[in-house]
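Summary of the model geometry
Below are the chains, spelled out letter by letter.
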Amino acid sequence: MSGVRDLVYRSRLYQLSLRGRFPHGLAYYPENLWPGDLARANELFRGRFDLAGERVEVGTSPPWIGVTASESWRAELQGFAWLRHFQAAGGEAATRAARSLAGSWLTHNADYDPFIWRSDILARRLISWCLHADILFKNAELTYRSDLLRSMGRQARHLARVAETTPNGVQAVTAATGLAFIGLCLPESRNWTDKGLVLLTDQIGRQLLSDGGHISRNPQVLHHVLQDLILLKRTMMNIGEPPPEPLINAIDRMTPTLRMLRHGDGGLGLFNGGTEDTAADIEQTIRRSGIRGKPNLSAPKAGFERLQGGHTALIADFGGPAPEPGVGFAGLLSFEMSHRRERVVVNGGAARPPSPEWERALASTAAHSTLTIADTNAVGVPDAGRRRRRRLEAEALRTESADATWLDMMHTGYQERYGVVHRRRLYLDRDGRDLRGEDRLEVADRRKPSHVPFAVRFHLHPDASAVLAQGGNMALIRLKSGRGWRFRVAGADLKLEDSVYLGDGSPRRSQQVVASGDLDSTDITVQWALTLIDGTDS
């Protein structure tokens, strides 16, 4: 069906239907809420496009032709959000470079292409051109300016026709936001804004959970969706248009949950396919939201809990009340822990640009700081479009006192295959110096196999190094700052193994502390503790 649509959209008759009164300028020049980076601008001046975790050097040639790159790189290129770096640089050279690239885009990409004109990519491009209209339009040569504005009108008319057919998910939010946004910025286009807001309200209802989490359970996705919603709200307020209640309520709910999923370094926890993201952008998002207050401690629908003591933060993923097999990563009951601005215990992260091989590896239970049995996944991981469904339950219960917080979690992901239920209890004291855990495998079906290996994995950040001590009964973890943590375990054997960390999308070597043993026909309990070493700065 998409092939037929593409033939229609490519036809001369359809292209003629996109003609209309072209704008002679913007009705409103919106505020760019997320400033760019001068260093990134200097790279762009050299023809180095570092997008979606992939660097492509195009030199003096336009990046639209003859470039081999990943789909995510091409999508980010065609979205033009990188114009913010030219705007940050300012000056005549940045203006010339931005206009040269926009002009060459008109030359090479004006006709319909199913990827370049994909609704979310097109919407991002229109948003970016409006946000950076200063360097694209003001005092520009008349022919170039007219061509660019005429193209914006054509693209906006197409977006208005196809936005509602965008598949549900983040792409649908981007398409709806872009349609509402362009309607605010182009003259006599209020009907586009009205339609975009209707579509966006529908997507908010579909994708946003009552606790402020996103249905993807990916912190980075939550951040990017929140950015778009804040941009639209702020633009409407600046124009004097009242933002709709669903938009306001969504931002009110999402912001405390985004705070909840941050570590002490300002970046995001690594769960369900997300990377750390840029701490400065996250901080700017929170400030621009206008929502003050503390982080959420509990997001039961999204499946996250946060423990905070002193300068120590712990983020745990219990999967939610009914985690969907085959969706997201298999890190049930995994946690990450940071102290001050340093990450200590982490998950594997996500590759940028994405690749099927990395996704399968990093989505596995073994790539998370949790318990694995026989290196199998606790929940189905996406593989070549197939999903293996299992009956699965997961839950979490937190208990707080003046001195500490306890978190009790469980999941049944291993019950069908191995006949056990995994229960994890975490304890963090008020000062954040004492983290204790208990991983318990409760036998639910004695007919299932025993003498199967299990491992409780604690992946360490690359800036943390570990050595075994006291004859292998303890591990000492030293951070880059010089602070240290003592790791003890009872009920399992302790060893160190290699690991890999992709916090920013690129692999870095790291270590993992592993407590291992074998299943038998009785319940098994592994107790462990991470203690800030006396004499270090807490």
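A quick note: this is a predicted structure, and the numbers were derived from the prediction, not measured.

1. Let's talk about the overall build of the protein
If you tally the helices and strands in the protein, you get 16 helices and 19 strands. Relative to the compact-globule value of 24 Å for 538 residues, the protein shows a C-alpha radius of gyration of 25 Å, a close match. Over its C-alpha atoms, taken along the principal directions, the protein stretches across nearly 75 × 50 × 45 Å. Counting all 538 residues of the protein, 56% fall into the buried class. Long-range pairs, those at least 24 residues apart, make up 67% of the contacts in the protein between residues at least 6 apart in sequence. Just so you have it, the protein exposes about 22,900 Å², and 48% of that area is on carbon and sulfur atoms.

2. A few points about the pattern of salt bridges
Tallied over the full model, the rule gives 38 salt bridges. The shortest N-O distance in the salt bridge between Glu 400 and Arg 398 comes to 3.1 Å. Residue classification places Glu 400 among the partly exposed residues on the basis of a relative accessible area of 49%. When its relative accessible area of 19% is taken as the criterion, Arg 398 is described as buried. The closest approach of N and O atoms between Glu 442 and Arg 423, which form a salt bridge, is 3.0 Å. Here the residue Glu 442 occupies a position in strand β12 (residues 434–443), and Arg 423 occupies one in strand β11 (residues 420–429), the gap between them amounting to 19 residues. Several salt bridges converge on common partners, so that one network encompasses Glu 43, Arg 46, Arg 48, Asp 50, Arg 55 and Glu 57.

3. Things to note about the packing of aromatic side chains
One pass over the structure, following the stated rule, counts 18 aromatic pairs. Relative to Tyr 14, the ring of Tyr 9 lies with its centre 4.9 Å away and its plane at 45°, an arrangement referred to as tilted. Exposure remark for Tyr 14: the relative accessible area of 10% places this residue in the buried category. Taken together, a centroid distance of 6.3 Å and an interplanar angle of 10° make the contact between Phe 487 and Trp 528 stacked.

4. Details of the sheet that holds strand β19 (residues 524–532)
Here we have 8 strands laid out as an open sheet, ordered β9-β10-β11-β12-β19-β16-β15-β14, and antiparallel in their pairing. Both outer strands of the open sheet, β9 (394–400) and β14 (465–469), are each paired with one neighbouring strand and no more. Direction aside, the axes of adjacent strands within the sheet are offset by 15° on average. Here β9 pairs with strand β10 (residues 404–411) via 7 bridges, running antiparallel.

5. Topic: the state of the cysteines
On inspection of all chains with the given rule, the structure shows 0 disulfides. Not part of a disulfide, Cys 130 finds its nearest cysteine sulfur in Cys 185, a span of 4.0 Å.

6. Looking at the nonpolar core
Of all hydrophobic cores here, the largest spans 92 residues; its most connected members are Phe 49, Trp 82, Phe 86, Leu 136, Met 152, Leu 229 and Leu 232. If sequence neighbours within four positions are ignored, Met 152 has contacts with Leu 26, Leu 126, Trp 129, Cys 130, Phe 137, Ile 182 and Leu 186.

7. As for the pairing of β11
In terms of burial, β11 is a largely internal element, 8 of the 10 residues being buried. Both β10 and β11 contribute to a ladder of 8 bridges, which runs antiparallel. From the neighbouring strand, Thr 405 faces β11, where its bridge partner is Leu 428. Strand direction decides the pairing type here: β11 and β12, joined by 9 bridges, are antiparallel. From the neighbouring strand, Val 420 faces β12, where its bridge partner is Val 443.

8. Re the packing of helix α7 (residues 119–131) against helix α10 (residues 170–185)
Direction vectors running N to C along α7 and α10 enclose 35°, while the axes themselves pass 8 Å from each other. The way α7 lies across α10 gives a crossing that is left-handed. In this structure, α7 contributes Ser 119, Asp 120, Ala 123, Arg 124, Leu 126, Ile 127, Cys 130 and Leu 131 to the contact, and α10 contributes Gln 171, Thr 174, Ala 175, Gly 178, Phe 181, Ile 182 and Cys 185.

9. A few points about the confidence of the model for the protein
Scored by pLDDT, the protein has a mean of 93; 96% of the residues are at 70 or more. This stretch, residues 383–389, has a pLDDT under 50; its non-local contacts, to residues over four places away or in other chains, come to 11 contacts.

10. Details of the environment of Asn 473
By the element assignment, Asn 473 lies in the loop between β14 and β15 (474–478). In sequence terms Asn 473 and Ala 490 are 17 residues apart; their C-alpha atoms lie 8.6 Å from each other.

11. Details of the environment of Asp 445
Structurally, Asp 445 can be placed in the loop between β12 and β13 (453–460). For Asp 445 and Leu 18, which are 427 residues apart along the polypeptide, the C-alpha to C-alpha distance reads 64 Å.

12. Comments concerning the pairing of β10
Counting buried positions along β10 yields 6 of 8 residues, so the element is predominantly enclosed. Hairpin geometry of β9 and β10 is characterised by an intervening segment of 3 residues between the two adjacent antiparallel strands.

13. Concerning unusual backbone geometry
Note the cis peptide between Arg 352 and Pro 353, where omega equals 0°. Considering the arrangement of structural elements, one finds Pro 353 in the loop between β7 (342–346) and α15 (356–363). Backbone geometry places Asn 139, a non-glycine residue, at a positive phi of 60°. Tracing the backbone shows Asn 139 in the loop between α8 (133–136) and α9 (142–162). The backbone of Gln 470 shows a phi angle near 50°, a positive value even though the residue is not glycine. For Gln 470, the location among the structural elements is in the loop between β14 and β15.

14. Side note on helix α11 (residues 190–207)
Along an α-helix, a turn takes 3.6 residues, which lines up residues three or four apart on a common side. Counted at 1.5 Å a residue, the expected span for α11 with its 18 residues is 26 Å, and the 25 Å between its end C-alpha atoms agrees. The complete set of buried residues in α11 reads Trp 192, Thr 193, Gly 196, Leu 197, Leu 199, Leu 200, Gln 203, Ile 204 and Gln 207. Looking at the buried side of α11, the elements it contacts are α9, α10, α12 (219–239) and α13 (245–260).

15. Here we look at α9
Counted at 1.5 Å a residue, the expected span for α9 with its 21 residues is 30 Å, and the 30 Å between its end C-alpha atoms agrees. Where burial is concerned, most of α9 is hidden: 15 out of the 21 residues are buried.

16. Here's the deal with the environment of Leu 44
Looking at where Leu 44 falls in the secondary structure, it is placed in helix α3 (residues 38–45). Taking the C-alpha atoms as reference points, Leu 44 and Trp 82, separated by 38 residues in sequence, lie 8.8 Å from one another. If we ignore the near neighbours within four places in the chain, the residues touching Leu 44 are Phe 49, Trp 82, His 85 and Phe 86.

Thresholds applied
- Residues numbered from 1 in each chain as written.
- Predicted model: local features only at pLDDT ≥ 70, side-chain atom pairs only at ≥ 80, totals over all residues.
- Heavy atoms only, no water.
- Helix = DSSP H or I, 4+ residues; strand = E, 2+ residues; numbered from the N terminus.
- Rg over C-alpha atoms; globule rule 2.2 N^0.38 Å.
- Buried < 20%, exposed > 50% of the residue type's maximum accessible area, 1.4 Å probe, protein only.
- Contact = heavy atoms within 4.5 Å.
- Areas by Shrake-Rupley, 256 points an atom, 1.4 Å probe, with all protein chains shown as cover.
- Salt bridge = Lys/Arg side-chain N within 4 Å of Asp/Glu carboxyl O.
- Phe/Tyr/Trp six-rings, centres within 6.5 Å; stacked < 30°, edge-to-face > 60°.
- Pairing = 2+ DSSP bridges.
- Axes fitted to C-alpha atoms, helices over the stretch in contact; angles between N-to-C directions.
- Disulfide = S-S within 2.5 Å.
- Core = buried A, V, L, I, M, F, W, Y, C linked by side-chain atoms within 4.5 Å.
- Left-handed = near helix turned anticlockwise from the far one by under 90°.
- pLDDT = per-residue confidence, 0-100.
- Expected span 1.5 Å × (residues − 1).

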